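Structural overview
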Amino acid sequence: MKSIILILIAVSLSIYQTNACNVCGGGTNDIAVLALDGRMLFNIGYTFDHYIGSWDQNGEWSDNTFNTNQQKIAAAIAYRISRHMQFGASLPYVINTSNNINLKQSGSSIGDLSISARYELFHEFQLKKSGSKKKLDKAYPYLAFTFGLTIPTGKSEETALNAVDVTGKGFYTSSLGISVIKSVIRNRFQLNADFSWQHSFSKTYETYLGSSASFTKQAGDKFNYSLSANYIFGSEHAASVSASGFSQSPYSLDNKIYDNSAEHCINFVMAYTYYPHVQFRVTPSLKWTIPTNDFGRNASGSTTFNINFTYYIPDYSIK
Amino acid sequence: MKKKNLILFITIIFSLIIFYSCSNDNPVTNDDENTNPTYSKVITAESGNLKFELWSASANVLRYGYNKVGFKFFENNQEKTTGYVKYLPKMYHWVGSPMHTTPVKDRYDYDASQQLFTGYTVYLMVSDTSSFWYGFYNYNDQLNVDSVFFNVSQYTEAQVKLFSDYVAGAGYFITLVKPYTPLQGLNTFQCMLHRTYDYIYFEQVNDAQMYIMPWMEAMGHGSSNNVHPVHIGDGIYEGTVNFNMAGEWTVADTVYYQNRKITPNNPPKFIFNP
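Conventions and cut-offs
Residues numbered from 1 in each chain as written. Chains lettered and ligands numbered in written order. Predicted model: local features only at pLDDT ≥ 70, side-chain atom pairs only at ≥ 80, totals over all residues. Heavy atoms only, no water. Helix = DSSP H or I, 4+ residues; strand = E, 2+ residues; numbered from the N terminus. Buried < 20%, exposed > 50% of the residue type's maximum accessible area, 1.4 Å probe, protein only. Contact = heavy atoms within 4.5 Å. Areas by Shrake-Rupley, 256 points an atom, 1.4 Å probe, with all protein chains shown as cover. Core = buried A, V, L, I, M, F, W, Y, C linked by side-chain atoms within 4.5 Å. Domains from an automatic or database assignment. Pairing = 2+ DSSP bridges. pLDDT = per-residue confidence, 0-100. Buried area = accessible area lost by both parts, 1.4 Å probe. Salt bridge = Lys/Arg side-chain N within 4 Å of Asp/Glu carboxyl O. Polar contact = N/O pair within 3.5 Å; in protein donor to acceptor, adjacent residues only side chain to side chain. Nonpolar A, V, L, I, M, F, W, Y, C, P; charged D, E, K, R; others polar. Lys, Arg positive; Asp, Glu negative; His and termini not counted.

**A word on the overall build of chain B**
The helix and strand tally for chain B stands at one helix and 20 strands. Here chain B holds 274 residues, and 51% of them are scored as buried. A sequence separation of at least 24 residues applies to 58% of the contacts in chain B between residues at least 6 apart. Of the roughly 12,700 Å² of accessible surface on chain B, 52% is carried by carbon and sulfur atoms.

Given below as structure tokens:
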């Protein structure tokens, strides 16, 4: 059961892969997270993102006229080097489709490479010394500091000829964050909070979607958040609900800041995890937005189905 | 794997897949605004035995920006179907202030299919309590009806952008012809370019090079598959703009004339809300 709990912790964190409004680059990309007894993790994920509309600068919602979808097949790996430190990486293959009959309707290529690290200061329910005895600590939550770097390996607006060919941001981003988990009822019910600050580096464009261009753009800094509640039904089933989103400051173009371009968005995720085996889990999830006014600003809304197949290699000797 | 667990798992997966099967398959097509072949009479200008009628295919009034117009001319109640018409609108403000005109077609030739002398006018200003339009009509450089008062109405969808070419000392006007009601996706983009040195005579410029850049300023992105406008005749430049998302878009139009950029570094921008 302890292993299940630890895996659930990882699952609750990995739910973040259904990024907040990921068309706008939200989320922390913490796909691969190991529990304390895990040495190594492999994950294959499939995501189907259906864009349904967008919020304008006044927060007014508009439906999309065209069907625009994005599918991702992502491979992720994580490796724990100590009880406090683990690293992860994820690389997606991205397939975009659109039903606009006047334009190219599909495009695909490798997406952006994400590298992550996590320093875990505390784990829950660890043994601690109390005088000459050891007893189980019930006070400390799980607490980790997270680090992320996105490398623009995908096809960006600079290199793609059509919007449907764009599979990456085209610029580097870095992130710093914090992740907290606290069990309300041990082995049964947990609360999880993730926060991160994401910085985007500037990018100079010489071409833009097939046209010549000459401008430098820098996306605004972004604050990502996710709040989750996880319920464990037993040794084989668990479920979680999350509310996540982001708030991003205005971008700059040739050092001019566009004041009306700040973004924010909130969405919701429902996930279920099934454990055919202690080391293997399957996690389908559904992310949705509320397509009405004031649930976002300068952002796209999408509905996302995601399924992850995760296998981890345990190592009970990790101290 | 226990059977009941397997059933539960499969049920959830299929529920999610079915949820995604609901989709919209209705691509949009562009409309034909401002190219409506149906004209309606908006002005009658008479003097003695001469009568000019001004017809518009854009609206049932004359309005700010581009107007697709036609004329009928009658002498002794006899309609003329040959020759040409010339038309010069003049705007007067308060006493002592300079008069200016507005871009119009140099000469309106007879179109038998429309039974009109057809062309366009571009009104740069609307009528108000201190701004008055008067029309000066001419047939074959011989017969005139002058100083006929008329009104020009505001039309918020119409757009005319002014910029100055400081090297040549000229003022330029780019007039939007279409789209007035843009749609998400590809839209035909048409505009006209006129040059003036004195705001009395406006020259239709047919040999400029235009480079458009649609940009969603609030979102910070552009779009693909745009086609730069080229002159297609009768003063109209035509290209394609792609508004791939709902919301406010700007379309910056950088203009070169005789291989020299004549627009400022911050080029004139049309604003659209598909």
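**What to know about the nonpolar core**
All names here are of chain B. By size, the foremost hydrophobic cluster in this structure holds 38 residues, and its most contacted members are Tyr-172, Phe-189, Leu-193 and Val-255. Looking at this core, the elements that each hand over two or more residues are β7 (116-123), β10 (160-165), β11 (170-178), β12 (185-196), β14 (209-216), β17 (236-243), β18 (249-257) and β20 (269-272). Viewed by domain, this core spans two of them, domain 1 (26-34 + 156-272) and domain 2 (40-150), each represented by three or more residues. By size, the runner-up hydrophobic cluster in this structure holds 23 residues, among which are Phe-71, Val-85, Phe-117 and Tyr-137.

**What to know about the pairing of strand β13 (residues 222-232) of chain A**
Residue and element names in this part refer to chain A. Summarising the sheet, strand β10 (residues 189-200) and β13 pair through 10 bridges and their orientation is antiparallel. Opposite Gln-198, over in β13, you have Lys-222 as the bridge partner. Bridge analysis of β13 against strand β14 (residues 237-248) gives 11 bridges, and the strand direction is antiparallel. Of the residues in β14, the one forming a bridge with Leu-227 is Ala-243. Here β13 folds back onto β14 in antiparallel fashion, the turn holding four residues.

**Quick word on the confidence of the model for chain A**
Regions with low pLDDT carry predicted coordinates that are not meant to be interpreted in detail. Of the residues in chain A, 90% have a pLDDT of 70 or more, and the chain-wide mean is 89. Overall, residues 1-31 of chain A carries pLDDT values under 50, and its contacts beyond four positions in sequence, including any with other chains, amount to 114 contacts.

**Points about the interface of chain B and chain A**
Much of the literature gives interface size as the accessible area that the parts lose upon coming together. Each partner contributes residues to the interface: chain B has 38 residues there, and chain A has 48 residues. For the pair chain B and chain A, the summed buried area comes to about 3,500 Å², and 61% of that belongs to carbon and sulfur atoms. Put simply, chain B and chain A have zero salt bridges between them. Where chain B touches chain A, the interface holds nine residue pairs in polar contact (both at pLDDT 80 or more). Looking at the side of chain B that touches chain A, the element that brings in the most residues is helix α1 (residues 3-21) of chain B, giving eight residues. Of the residues belonging to the side of chain B that touches chain A, the class tally is 19 nonpolar, 15 polar and four charged.

**Looking at the side chain of Lys-217 of chain A**
The topology assignment puts Lys-217 of chain A in strand β12 (residues 211-218). One buried charge, Lys-217 of chain A, has no salt-bridge partner; the nearest side chain with opposite charge is Glu-157 of chain A, at 5.1 Å. At 2.5 Å, the side chain of Lys-217 of chain A forms a polar contact with the backbone oxygen of Gly-220 of chain B. Here Lys-217 of chain A is in contact with Phe-201, Ser-202, Lys-203, Tyr-205, Tyr-251, Ser-252 and Leu-253 of chain A together with Trp-215 and Gly-220 of chain B, once residues within four sequence places are set aside.

**Let's talk about the domain arrangement of chain B**
All names here are of chain B. What the domain assignment reports for chain B is domain 1 (26-34 + 156-272) and domain 2 (40-150). Relative to domain 2, the C-alpha centre of domain 1 lies at a distance of 26 Å. Taken together, the contact pairs 17 residues of domain 1 with 16 residues of domain 2. For the pair domain 1 and domain 2, the summed buried surface comes to about 1,400 Å²; carbon and sulfur atoms form 60% of the total. Linking domain 1 with domain 2 are one salt bridge. Ionic pairing is found between Asp-234 and Lys-105, a salt bridge with its closest N-O pair at 3.4 Å. Counting only elements with at least two residues in the side of domain 1 that touches domain 2, the list comes to β11, β12 and β13 (202-204).

**A look at the sheet that holds β12 of chain A**
All names here are of chain A. With antiparallel pairing, four strands are arranged side by side in an open sheet as β11-β12-β15-β16. The open sheet has two edge strands with one neighbour each: β11 (203-208) and β16 (256-257). For strand β15 (residues 252-253) and β16, the ladder comprises two bridges, and the chain directions are antiparallel. In the strand pairing of β16, Ser-252 is matched with Ile-257.

**With respect to the pairing of β11 of chain B**
Residues in a regular strand project their side chains so that they alternate between the two faces of the sheet. All names here are of chain B. Taking burial as the measure, the nine residues of β11 include nine buried ones, the bulk of the element. Pairing of β10 with β11 involves six bridges; the strand directions are antiparallel. The residue of β11 that forms the bridge with Asp-165 is Ala-170. In this antiparallel pair of consecutive strands, β10 and β11, the connection spans four residues, and Gly-169 shows a positive phi of 70°. Taking the residues between adjacent antiparallel strands as the criterion, β11 and β12 are bridged by six residues.

**Observations concerning the environment of Leu-253 of chain A**
Structurally, Leu-253 of chain A can be placed in strand β15. Of the residues examined, Leu-253 of chain A reaches a relative accessible area of 13% and is grouped as buried. Leu-253 of chain A sits 44 residues away from Arg-297 of chain A along the chain, and the two C-alpha atoms are 19 Å apart. Ignoring any residue separated from it by four or fewer positions in sequence, one finds Leu-253 of chain A in contact with Phe-215, Thr-216, Lys-217 and Tyr-258 of chain A together with Trp-215 of chain B.

**Let's talk about the side chain of His-194 of chain B**
Residues and elements named next belong to chain B. Structurally, His-194 can be placed in strand β12. With relative accessibility at 0%, the residue His-194 sits in the buried group. Side chain to side chain, His-194 and Tyr-120 meet in a polar contact 2.8 Å long. If we skip the residues at most four places from it in the chain, His-194 touches Pro-103, Tyr-120, Val-122, Gly-171, Tyr-172, Phe-173, Glu-203, Gln-204 and Val-205.

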